[in-house]
Amino acid sequence: MNTAIMVLVVMGAVGIVFGVILAIANKKFAMEVNPLIHEVDEVLPKGQCGACGYAGCANYAEAVVLNPEVPPNLCVPGKDAVANLVAELTGKKSEQLEVRVAHVCCSGTTSKAVASYAYKGIHDCAAAKLIQGGPKGCKYGCIGFGTCAVNCPFGALQMGEDGLPIVDQDLCTGCGKCESVCPQNVIAMLPATAKVKVDCNSRDKGIDARKLCTAACIGCGLCKRNCSYGAIEIVNNLAVVDVKICQDQCTEATCVGKCPTKAIKTFIPQAEVTAAEAIG
Amino acid sequence: MAEYFTLFIGSVIVNNFVLTKFLGLCIFFGVSKNLNASVGMGMAVTSVITLSSILAWIVYHFVLLPFGLTFLTTIVFVVLIASFVQLLELIIKKQAPALYNMWGIYLVLIATNCIVLSVPLLSVESDYAFVTSIVFAVGSGMGFALALILMASLREKLAYADVPKPLEGMGIAFIVAGMLSLAFLGFSGML
């Protein structure tokens, strides 16, 4: 009987003592968390892509609520819808963010591009690049093992049959994760309203580039000479398009017709691609 | 001094808590996918084991033993450890936010883990003195951290290996852990 009472007393005492300690600690070490942070976090797309510049959606929510200088429209995947919601919640003004999509600057499919060696190793672009710059003859081209597709938080990239990734423009939010993980830096972010795209990344001299890939940009400059708006420059044997001039001023893309290797092509928005597929 | 050293080496290598005693397996398999997380977890577990071991020893020798209530050991230890870890988390969150960002989240995961409970229980069973139980606690934490880091390094490589589909994930992890355990069997009988 005595033991039973002792048990009750000791257990009760331990419970009460720790209960009290925890209650005091809760008050004493209480940290104020602004409830608005949680509300903003709920609105964000939760891709944890980092395009806003913060490590994850929770950190951006905290920054935008607590820091008056952080703009509410940093969430690239969220686009206008999220920017407006965040602006409303935090009482800040949001400006229009440009919609971007990912673009793989390479048309070196398995049929067009030459391979320099047979690669048998880890099925990852970064790993393959460590071995003499990758199994493709052109050392600037897409290696094709899908590191970008695996890292896309929105599943917008799929590896195609021909060794190049295909971008689903509807799913692509323009967050830029693929651009940062690609070891060849062959993915660029293009505005959704772009008119032309250069499907090549090769800095090799024309003759060498052509030997390694039939669809390469040889840096001949025909596109540059034919562009009446001065939107194209040839830098390091590669055509570089100034997107601003091309978007705003160009009315007819003469460059596309003049390219001898078809490296520069018309940029087709997803809506037209889907419509074309539906008809054809 | 020599017996402390023997005890330490014993609990790190010979009687490794994960690979020989098979304790703390859920965190072992849960966190070992990532090497950085594993290092943080190892540190968190070592600190929690040591601190709660000290607390448990004090409660055992000054409350349970004098009142002849040693049969309450398990339950009192559980309550003790759970509340202590809660307290620790509150303190760290407030006083050291940088530390909390690094491994604060693991504290909740190890609050009632079997390895944290078993270390005080075993040191009470073996009737260790105060300093001995501390050495034992630090040793077991280090042993756990060692096993975790080894496993994490192996699993990171495994992610790229050609594993048969049915064994992917947990299957191959258990097999590898078994092999690690077999390897550590070589240390038995050393002390």
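Residues numbered from 1 in each chain as written. Chains lettered and ligands numbered in written order. Predicted model: local features only at pLDDT ≥ 70, side-chain atom pairs only at ≥ 80, totals over all residues. Heavy atoms only, no water.

Helix and strand content of chain B: eight helices and zero strands. Reading the secondary structure of chain B in the N-to-C direction produces α-α-α-α-α-α-α-α. By the burial criterion, 47% of the 191 residues in chain B qualify as buried. Counting only contacts in chain B whose residues sit at least 6 apart along the sequence, the fraction spanning at least 24 positions is 76%. With the model as given, the accessible surface of chain B reaches about 9300 Å², and the carbon-plus-sulfur share is 71%. (Helix = DSSP H or I, 4+ residues; strand = E, 2+ residues; numbered from the N terminus. Buried < 20%, exposed > 50% of the residue type's maximum accessible area, 1.4 Å probe, protein only. Contact = heavy atoms within 4.5 Å. Areas by Shrake-Rupley, 256 points an atom, 1.4 Å probe, with all protein chains shown as cover.)

With that out of the way, let us pick up the overall build of chain A. A tally of regular secondary structure across chain A gives twelve helices and eight strands. For chain A, the proportion of its 280 residues judged to be buried stands at 41%. Contacts in chain A between residues far apart in sequence, at least 24 positions, make up 55% of those at least 6 positions apart. Here chain A displays about 15300 Å² of accessible surface, and carbon together with sulfur accounts for 58% of that area.

Across all of its chains, the model carries eight aromatic pairs over all chains by this definition. Ring geometry for tyrosine 119 of chain A against phenylalanine 145 of chain A: centres 5.3 Å apart, planes inclined by 35 degrees, an arrangement best described as tilted. Of this pair, tyrosine 119 of chain A sits in the loop between strand S1 (100-104) and helix H5 (125-129) while phenylalanine 145 of chain A is found in the loop between H5 and helix H6 (147-151), placing the two residues 26 residues apart along the sequence. Given a relative accessible area of 18%, tyrosine 119 of chain A falls into the buried group. Both rings, one in phenylalanine 28 of chain B and one in phenylalanine 29 of chain B, keep their centres 5.1 Å apart while their planes meet at 75 degrees; by these two values the pair is edge-to-face. For the residue pair phenylalanine 28 of chain B and phenylalanine 29 of chain B, the accessibility class agrees, reading buried in each case. An aromatic cluster of three or more residues is present, and its members are Phe17, Tyr128 and Phe136 of chain B. Between lysine 21 of chain B and the ring centre of phenylalanine 17 of chain B, over which it is positioned, the NZ or CZ distance is 4.3 Å. (Phe/Tyr/Trp six-rings, centres within 6.5 Å; stacked < 30°, edge-to-face > 60°. Lys NZ or Arg CZ within 6 Å of the ring centre and 35° of its normal.)

The subject of this paragraph is the packing of helix H2 (residues 35-43) of chain A against helix H4 (residues 79-90) of chain A. Residues and elements named next belong to chain A. Between H2 and H4, the least distance of the axes is 10 Å, while the angle of their chain directions is 170 degrees. With respect to each other, H2 and H4 are oriented roughly antiparallel. Note on element contacts: H4 touches H2 through Val82, Leu85, Val86, Leu89 and Thr90, opposite Leu36, Glu39, Val40 and Val43. Here the residues of the contact of H2 with H4 are counted per class, giving seven nonpolar, one polar and one charged. (Axes fitted to C-alpha atoms, helices over the stretch in contact; angles between N-to-C directions. Parallel < 35°, antiparallel > 145°, perpendicular 65-115°, else oblique. Nonpolar A, V, L, I, M, F, W, Y, C, P; charged D, E, K, R; others polar.)

Another aspect to go through is the packing of helix H1 (residues 2-14) of chain B against helix H7 (residues 130-158) of chain B. Residue and element names in this part refer to chain B. Closest axis-to-axis distance for the H1/H7 pair is 7 Å, and the angle between their directions is 30 degrees. By the angle between their directions, the pair H1 and H7 is classed as roughly parallel. The crossing of H1 and H7 is right-handed. Across from Tyr4, Leu7, Phe8, Ser11 and Val12 in H1, the residues of H7 making contact are Val131, Thr132, Val135, Phe136, Val138, Gly139, Ser140, Met142, Gly143 and Leu146. Among the residues making up the contact of H1 with H7, the classes are represented as ten nonpolar, five polar and no charged. (Left-handed = near helix turned anticlockwise from the far one by under 90°.)

What follows covers the environment of isoleucine 9 of chain B. Residue and element names in this part refer to chain B. Structurally, the position occupied by isoleucine 9 is in helix H1. When the C-alpha atoms of isoleucine 9 and phenylalanine 136 are compared, they prove to be 9.4 Å apart, with 127 residues separating the residues in sequence. In this structure isoleucine 9 touches Val14, Met190 and Leu191, once residues within four positions along its chain are discounted.

Residue-level pLDDT values for chain B average 88, and 100% of them are 70 or greater. Interface confidence for the predicted complex, given as ipTM, is 0.70, next to a pTM of 0.64. (pLDDT = per-residue confidence, 0-100.)

Once that is clear, we can look at the interface of chain A and chain B. Quoted interface sizes are often the accessible area lost when the parts come together. Listed as interface residues are 17 residues of chain A and, on the opposing side, 19 residues of chain B. Between chain A and chain B the total buried area reaches about 1600 Å² when both faces are included, carbon and sulfur atoms providing 88% of it. In this assembly, chain A and chain B are joined by zero residue pairs in polar contact (both at pLDDT 80 or more). Broken down by class, the residue content of the side of chain A that touches chain B amounts to 13 nonpolar, two polar and two charged. (Buried area = accessible area lost by both parts, 1.4 Å probe. Polar contact = N/O pair within 3.5 Å; in protein donor to acceptor, adjacent residues only side chain to side chain.)

For the rest of this paragraph, the subject is helix H1 (residues 2-28) of chain A. Look at H1 of chain A: 38 Å from first C-alpha to last across 27 residues, which is about the 39 Å you get at 1.5 Å a residue. Residues of H1 of chain A that are buried: Val7, Val10, Val14, Phe18 and Ala25 of chain A. Those residues of H1 of chain A that are buried lie in contact with helix H3 (35-64) and helix H4 (73-95) of chain B. (Expected span 1.5 Å × (residues − 1).)

Attention shifts here to the pairing of S1 of chain A. Residue and element names in this part refer to chain A. Where burial is concerned, most of S1 is hidden: four out of the five residues are buried. In the sheet, S1 pairs with strand S4 (residues 187-191) via five bridges, with the strands oriented antiparallel. Following the sheet pairing, alanine 102 is matched in S4 by methionine 189. (Pairing = 2+ DSSP bridges.)

For the rest of this paragraph, the subject is the nonpolar core. Phe28, Met41, Val45, Leu107, Ile110, Ile115 and Met151 of chain B are the most contacted members of the largest nonpolar core, which has 59 residues in total. Sorting elements by how many residues they give to this core places H3 of chain B first, with ten residues. (Core = buried A, V, L, I, M, F, W, Y, C linked by side-chain atoms within 4.5 Å.)

Attention shifts here to the confidence of the model for chain A. Counting all residues, the mean pLDDT for chain A is 84, and 95% of those residues have values of 70 or more. Looking at the elements of chain A, mean pLDDT is at its lowest for helix H12 (residues 270-279) of chain A, recorded as 63, and at its highest for strand S2 (residues 157-159) of chain A, recorded as 91.

Okay, the environment of arginine 225 of chain A next. All names here are of chain A. By secondary structure assignment, the location of arginine 225 is in helix H9 (residues 222-226). Overall, the relative accessible area of 62% leaves arginine 225 in the exposed class. Along the primary structure arginine 225 and lysine 258 are separated by 33 residues, whereas in three dimensions their C-alpha atoms are 9.6 Å apart.

Structurally, serine 133 of chain B is set in helix H7. A polar contact of 2.8 Å, which involves the side chain of serine 133 of chain B, links it to the backbone oxygen of phenylalanine 130 of chain B.

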